[in-house]
Amino acid sequence: NALVAAATRPKRDIEFPRKEDGRPKYSSEVYGENVFTLKTMAKALPKPIFASFLRQRRGRQNLDKTTADSIAHAVRVWAMDRGATHYTHWFQPQTGATAEKHDAFLSLLTNFTPGGEESTAIDQFSGGELLQSEPDASSFPSGGMRTTFEARGYTIWDTSSLMFLRRGPHGTAILYIPSVFISYNGDALDEKTGLLRSNEVLSRAACGLINLLEPEAHVNHVYTTLGTEQEFFLIDRTMYALRPDLKITGRTLVGQLPPRHQQLEDHYFGRIPGRVMRAISEVELECMRLGIPVKTRHNEVAPAQFEIAPIFEEAAVAVDHNLLTMDILHKVAHRHNLRVLFHEKPFKGVNGSGKHCNWAIATDHGENLLDPTVRPETNYRFILFLLAVLRGLQEHAALLRVAISSSSNEHRLGAQEAPPGIISAFLGDQLTEVLDAIEEDRPLKNFSVPQFQSIKVGGTVLDVKVAALPSIARDLTDRNRTSPFAFTGNKFEFRAVGSKQSPSFPVTVLNCAVTAAIQEMTEALRAQMGSKPRPSEEDKLVVIRRYIAMTKSVRFEGDNYSEAWVAEAARRGLPNIKSAPEAYTYLIQEKHKRMLTEEIGIFSDGELLSRYYILNERYAKDVIIEAETMQTIVGQQILPAALEYRKSLAESAAALKTIGVEASPEIDTLNELTPLTKDLQAAYVALQEAARKLIDHEGHDANVHAQFAHDVVGPAIARTREAADALETAVADKFWPLPKYTELLLTI
Ligand code: ADP
Ligand code: MG
């Protein structure tokens, strides 16, 4: 029935918005329609009020009551004119998702009179209500930072991210106020606060270095830029509805690979299936209305796997936009009877999903500090920032590993598709040559100015010149898909980040590591230049050479999936962190803790420790949930199916026996099934045992608990899966209770 439903469903095809004359609008005309932009604000506010807001936004003053009240009034009118009935402070608790609590604009003016009362309903929204609200948010993870009796948490408007409208019920709308979430004592309870702090410290350190190198540059602020490539699966919703494992854990706990999956390499960049195309275009339209600059869409490697990517933006805004995009994808997919899967490894044996985080830093003049420019070998500012990233990575690779570690991403990392647990950086031939030449104080080898370096596509092939093909400029770096952290032209691409997680913490940690390195290198430069007012070219070169030599161990240009690299990395002393619980211990290891809480100081001890607990607890909980789901599926669906099939075979065999047939294919099949069924039953019992131990184990140190989940329960789940998958091949299809991979992956 699910297959028939999937095949016969009517299409949903929305109309792209039109201009008055009926022609479709341009994307740029739809862009930001539902955003309370600075321009809209400027039009709606008295000039001095708007100016005061801008000063506050640049950190020059606090938001005063009059300004807040005026903005609140203006945004309420704007929002209500577009159907808004409610507003919400939208924030990012440490669950990886976003959170919201809605309040109506409705308010009552009440007069108490001797005979009773008289109320008038009005719409109201004050500056105070705009600035903060206090959700009783005691049920969010706080890692022990709050107990339920002191549950006060505050959401506070983050003025650096614009307010926007989203669809409510019955054609109404809801005003979203991007916010941070902090405790009564000012501790960060969310993902965003740390990110904002890390952007700020990075900016200060980077400005410090730039102003030392070129005081006349007048750089006042440096921005972190982020572009997130989001991968995901889309499957039919009826198939999804029949898979409790997908519904509960986000991944299939059992299932055999279909004969054809990704081996023909025909899905990647192939034609996007019709239903998916209609859904993704609808997502893009909603994104554009919200001012999310969606740019790219394409099929990914596995069947039913896709990717969308926006144009990069300031990092905190890019994170907001990524989380919104995920939410929109989820909702729009629903309208198309599709289900989006963000889990990093929903299907065993085919490609998993990541969220490549393209990261760079740019000055307030719009210059990208990681742009090699035409002659990187003489662009010492570029080289210094490049080395700072390498140095940050070298010192705090383990922290980056922490930031991408979850029970779900673990299934993807280290498999032959995603970068392994060793964090190294790839620079590409040309930059490697630039660094080598500087270090060895020699001219560049076979390296022409990249701007003029082009590949002649129309060059001579068997002496036939294809004149119709233009020459193109060649990128400075080739690609190395195996590197967890690759320089790609004018940015670094952090590829190990998981598709499901918020990019917030990975970027926060990266910012901090690079900040620490910039500070260290600035000090080195100061020491080198002595009492001179500014460093000479020679001073810069001395420091650059030292850091080129120093950071070599973290550079790797080869195949990160190879065994040889594991050995080589060990020789270089790079950490190879194999599991998430192991990674978590590095978060509170002295060196990293000191950097995060003292040297850079974006987290308090309490904030860091709470994050450590949250990560460990989350890991163990995920594994317990998987173990219990696996038990239900095996105990209530798969084993009964196998037994029923055995019964039908046994009845046939018995019937045959009564007419004198002793040996029969039924008997042979039964004999094949018996050991497989027994094997599954044994694995099931062992899993129950392991899960019980894990639950008994609660109360131990959070990390010990998570380690136990990893070491004992994870393998028991995997073992049960093997046995179940063996049965899938042996049991007749009509008895099998779950949609198989073929149905899940090849039905859109
Ligand atoms: P690829 O990863 O295939 O090279 P692109 O060059 O299109 O693809 O970039 C992928 C992502 O990187 C996009 O989201 C893009 O906006 C983003 N990006 C490009 N330049 C920067 C930058 N300076 N800072 C951050 N992200 C960037
Ligand atoms: Mg990319």
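Just so it is clear, the model here is predicted, and its values are computed rather than measured. (Residues numbered from 1 in each chain as written. Chains lettered and ligands numbered in written order. Predicted model: local features only at pLDDT ≥ 70, side-chain atom pairs only at ≥ 80, totals over all residues.)

Caption draft 1: Main features of the overall build of the protein. From N to C terminus, the protein includes 22 helices and 22 strands. Relative to its length of 748 residues, the protein is compact, with a C-alpha radius of gyration of 29 Å against a globular reference of 27 Å. Taken along its principal axes, the extent of the C-alpha atoms in the protein is 105 × 95 × 65 Å. Of all 748 residues assigned to the protein, the portion counted as buried reaches 45%. (Helix = DSSP H or I, 4+ residues; strand = E, 2+ residues; numbered from the N terminus. Rg over C-alpha atoms; globule rule 2.2 N^0.38 Å. Buried ≥ 20, exposed ≤ 12 C-beta atoms within 10 Å, placed from the backbone.)

Caption draft 2: Quick peek at the nonpolar core. Grouped together as the largest cluster of nonpolar side chains are 192 residues, with contacts concentrated most on Leu175, Leu234, Ile235, Leu387 and Met521. For this core, the element with the most residues is helix H12 (residues 380-403), which contributes 16 residues. Among all residues touching Leu387, those that are not within four sequence positions of it are Met521, Ile544, Tyr547, Ile548 and Thr551. (Core = buried A, V, L, I, M, F, W, Y, C linked by C-beta atoms within 7 Å. Contact = placed C-beta atoms within 7 Å.)

Caption draft 3: Summary view of the site of ligand 1. Around ligand 1 there are 16 residues in total, and Thr225, Gly227, Phe312, Asn358 and Ala360 lie nearest to it. Those elements that provide at least two residues to the shell around ligand 1 are strand S10 (222-236), strand S12 (305-310) and strand S15 (355-363). Residue composition of the shell around ligand 1, grouped by class: 7 nonpolar, 6 polar and 3 charged. (Near = placed C-beta within 6 Å. Nonpolar A, V, L, I, M, F, W, Y, C, P; charged D, E, K, R; others polar.)

Caption draft 4: Inspection of H12 at higher detail. Of all the bends found along H12, the most pronounced is centred on His396 and spans about 80°. Most of H12 sits out of view: 21 of its 24 residues are buried. (Bend = angle between axes of the 7 residues up to and from the residue.)

Caption draft 5: Spotlight on the pairing of strand S14 (residues 338-341). Neither face of S14 is left uncovered, since the one carrying Leu338 and Val340 and the one carrying Arg339 and Leu341 both have all their residues buried. Taken together, the 4 bridges between S10 and S14 define a ladder with antiparallel strand orientation. Across the sheet, Asp236 pairs through a bridge with Leu338, a residue of S14. (Pairing = 2+ DSSP bridges.)

Caption draft 6: Representation of the environment of Gly699. Here Gly699 is to be found in the loop between helix H20 (665-696) and helix H21 (702-730). The exposure class assigned to Gly699 is exposed, which follows from the 7 C-beta atoms found within 10 Å.

Caption draft 7: Quick look at the domain arrangement of the protein. Under the domain assignment, the protein is made up of domain 1 (31-185), domain 2 (197-459 + 470-603) and domain 3 (618-745). With 13 residues of domain 1 in contact, the opposing surface of domain 2 contributes 13 residues. Tallied by class, residues from the side of domain 1 that touches domain 2 come to 5 nonpolar, 7 polar and 1 charged. (Domains from an automatic or database assignment.)

Caption draft 8: Just unusual backbone geometry, in detail. Non-glycine residue His170 carries a positive phi angle of around 50°. Judged by C-beta crowding, with 6 C-beta atoms within 10 Å, His170 ranks as exposed.

Caption draft 9: Spatial organisation of the packing of helix H17 (residues 580-587) against helix H19 (residues 605-658). Orientation of H17 relative to H19, taken along the N-to-C sense of each, is 175°, at an axis distance of 10 Å. Overall, the two elements H17 and H19 adopt an arrangement that is roughly antiparallel. Along the contact surface, H17 presents Ala580, Pro581, Tyr584 and Leu587, while H19 presents Leu608, Arg611, Tyr612, Leu615, Asn616 and Tyr619. Its residues placed into classes, the contact of H17 with H19 shows 8 nonpolar, 1 polar and 1 charged. (Axes fitted to C-alpha atoms, helices over the stretch in contact; angles between N-to-C directions. Parallel < 35°, antiparallel > 145°, perpendicular 65-115°, else oblique.)

Caption draft 10: Focus on the environment of Lys552. Topologically, Lys552 is positioned in the loop between helix H15 (537-550) and helix H16 (563-572). Residue Lys552 is classed as partly exposed on the basis of its 15 C-beta neighbours within 10 Å. C-alpha separation for the pair Lys552 and Lys532, spaced 20 residues apart in sequence, amounts to 30 Å.

Caption draft 11: Helix H18 (residues 590-599), seen in detail. When we look at burial in H18, the residues that qualify are His592, Met595 and Leu596. Buried residues in H18, looked at end-on, bunch into an arc of 85°, giving them a common side. Exposed residues on H18 whose side chains face more than 90 degrees from its buried face are Glu590 and Glu598. Check the buried side of H18 and you find it contacts H12, helix H14 (504-529), H17 and H19. (Arc of directions from axis to C-beta.)

Caption draft 12: Here's a closer look at the packing of H19 against H20. Axis separation between H19 and H20 bottoms out at 9 Å; the angle between their running directions is 160°. Taken together, H19 and H20 sit at an angle that is classed as roughly antiparallel. For the pair H19 and H20, the sense of crossing is left-handed. When its residues are assigned to classes, the contact of H19 with H20 shows 20 nonpolar, 7 polar and 3 charged. (Left-handed = near helix turned anticlockwise from the far one by under 90°.)

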